[in-house]
Amino acid sequence: GGLGKMSWSTHTRVENIKPQPGIYAMYDTDNRLIYIGQSKDVRYRVSKHPKRSKYASIKVKYINTYDERIKLEEKLIRRLKPKLNRHLKGSKSLHATSKIRLELREDLIKALRLYATMHDCSLADACYKIMRQELNQELEFVKEYQDGED
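Participant: Explanation requested: the pairing of strand β3 (residues 33-39) in the structure shown.
Facilitator: Within a regular beta strand, the side chains point alternately toward one face of the sheet and then the other, so they alternate between its two faces. Across the 7 residues of β3, 7 count as buried, placing the element largely inside the fold. Of the pairings in the sheet, the one linking strand β2 (residues 22-27) to β3 comprises 6 bridges and is antiparallel in character. Looking at β3, one finds that Ile23 is bridged to Gln38. In this antiparallel pair of consecutive strands, β2 and β3, the connection spans 5 residues, and Asn31 shows a positive phi of 60°.

Next up, the structure:
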């Protein structure tokens, strides 16, 4: 079982990785998969990675959209169970969800409906998209913090 043949490039040096968004898979010296992650800048992420001393080579697949990266990352982690990834037991997803209730002004709700219509998505997805754009740095920080908790 592996990553399949979907345009992955293999690297032994961080400098050869493009500073682009994508998914990366880390392998040890015995070519065993040890970690899967995603980043908006794979080269930077790997160069600062808490597990960087443990890998011998890295496979990278460049993917621009955040949602596609997250979906593929989760699917690969669930399927391949790399030993250094945390597997959330009982959770369908690495991104567990919580319900919150928002009270918004009418004009914001109308603007949100307009956004959802223009982007052909649900109201909830519209909220997600807007929050993700706005919380980009904070999301990176939260992810870095979780990744570093070994």
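Participant: Please clarify how the pattern of salt bridges should be interpreted in this entry.
Facilitator: Any two side chains of opposite charge can pair, given that their charged atoms come close. Evaluated as defined, the whole model comprises 5 salt bridges. Asp30 is the salt-bridge partner of Arg32, the closest N and O atoms lying 3.3 Å from each other. Linking Arg132 and Asp67 is a salt bridge whose minimum nitrogen-to-oxygen distance equals 2.7 Å. Separated by 65 residues along the polypeptide, Arg132 in helix α4 (residues 123-134) and Asp67 in helix α2 (residues 66-80) bring together distant segments of the chain. Each of Asp28, Asp30 and Arg32 takes part in one network of salt bridges that share partners.

Participant: So what exactly am I meant to see when it comes to the pairing of strand β4 (residues 57-62) here?
Facilitator: Relative to β4, strand β1 (residues 9-11) runs antiparallel, the two being bridged by 3 bridges. Considered in β4, the bridge of Thr10 is made with Lys59. Pairing geometry for β2 and β4, over 6 bridges, is antiparallel. When the sheet's bridge partners are listed, Ala25 is paired in β4 with Lys59.

About the criteria used
Residues numbered from 1 in each chain as written. Predicted model: local features only at pLDDT ≥ 70, side-chain atom pairs only at ≥ 80, totals over all residues. Heavy atoms only, no water. Buried < 20%, exposed > 50% of the residue type's maximum accessible area, 1.4 Å probe, protein only. Helix = DSSP H or I, 4+ residues; strand = E, 2+ residues; numbered from the N terminus. Pairing = 2+ DSSP bridges. Salt bridge = Lys/Arg side-chain N within 4 Å of Asp/Glu carboxyl O.

None of this, on its own, says anything about what the molecule does.
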